[in-house]
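# Examining the three-dimensional arrangement
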Amino acid sequence: EPEVTQTPSHQVTQMGQEVILRCVPISNHLYFYWYRQILGQKVEFLVSFYNNEISEKSEIFDDQFSVERPDGSNFTLKIRSTKLEDSAMYFCASSDRVGLYEQYFGPGTRLTVT
Amino acid sequence: DAKTTQPPSMDCAEGRAANLPCNHSTISGNEYVYWYRQIHSQGPQYIIHGLKNNETNEMASLIITEDRKSSTLILPHATLRDTAVYYCIVRDHYNQGGKLIFGQGTELSVKP
């Protein structure tokens, strides 16, 4: 069964450093998402992406964040200058169409900012 | 913010049906009810969705009241592997951005 994969599974970085979280969505999917979950809190939407453009973003997704689909398979989330409060689990998701559809989530990347 | 209300936790005996309620009293005509679950900090997993008719798939059944103000997710024979946080989400069919808005969900503990 096709699945969304994410690398790395755990990333430790120092405050102020840039990080790139990588995702490989399911191959025929066209819509891509990033969510995050701070430990003990709810899953929060960050951004959706379609046709090489951001479709929607939340208030969390400020200028420190960017997304890119650099090739036909990868979807990345970059945080330019990490803060302690960026420590969270980051989930990538994809879906094959808009409307009535399910989103398939990856296993997540745990980001720890020290 | 999430438009649903769920109990924070529930217990269920292994092999019995787990009935998870959700209130969505402000649901509008275009909004569907979706259920996802999250097993121990893994990525959320889609379970089922519906508009107004009851739905069933290999994982669960979804019962939506006639006025659509509440619904119940039924896991017919719960196993220990069904222990997870279950999220009830209402979404606009025409939401082109596609985001999911998660609430706190119901933490279901299936006990032997």
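See above for the structure.
Below: a short report on this structure. (Residues numbered from 1 in each chain as written. Chains lettered and ligands numbered in written order. Predicted model: local features only at pLDDT ≥ 70, side-chain atom pairs only at ≥ 80, totals over all residues. Heavy atoms only, no water.)

### With respect to the pairing of strand 6 (residues 53–57) of chain A
Residue and element names in this part refer to chain A.
- Judged from the 4 bridges that link them, strand 5 (residues 43–50) and strand 6 form a sheet pairing that is antiparallel. In the sheet register, F49 faces strand 6, and the bridge partner there is I54.
- The antiparallel hairpin formed by strand 5 and strand 6 contains 2 residues in its connecting segment, where N51 sits at a positive phi of about 55°. (Pairing = 2+ DSSP bridges. Helix = DSSP H or I, 4+ residues; strand = E, 2+ residues; numbered from the N terminus.)

### Notes on the packing of aromatic side chains
- Per the stated rule, a full pass over the model turns up 14 aromatic pairs over all chains.
- Their ring planes at 80° and their centres at 6.2 Å tell us that F105 of chain A and F102 of chain B sit as a pair that is edge-to-face. Of this pair, F105 of chain A sits in strand 10 (residues 104–105) while F102 of chain B sits in the loop between strand 8 (84–92) and strand 9 (106–111), placing the two residues on different chains. Taken individually, F105 of chain A and F102 of chain B each receive the classification buried, so the pair is uniform in this respect.
- Through a chain of ring-to-ring contacts, the aromatic side chains of Y33, Y35, F45 and F105 of chain A together with Y36, Y46, Y87 and F102 of chain B assemble into a single cluster. (Phe/Tyr/Trp six-rings, centres within 6.5 Å; stacked < 30°, edge-to-face > 60°. Buried < 20%, exposed > 50% of the residue type's maximum accessible area, 1.4 Å probe, protein only.)

### Considering the interface of chain B and chain A
- In this complex, chain B contributes 22 residues to the contact, which on the side of chain A involves 21 residues.
- Summed over both partners, the interface of chain B with chain A buries about 1,800 Å², with 53% contributed by carbon and sulfur atoms.
- Summed over the shared surface of chain B and chain A, the number is 1 salt bridge.
- Between E56 of chain A and K99 of chain B there is a salt bridge whose closest N-O contact spans 2.9 Å.
- Those elements that provide at least two residues to the side of chain B that touches chain A are strand 3 (31–38), strand 4 (45–50) and strand 8 of chain B. (Contact = heavy atoms within 4.5 Å. Buried area = accessible area lost by both parts, 1.4 Å probe. Salt bridge = Lys/Arg side-chain N within 4 Å of Asp/Glu carboxyl O.)

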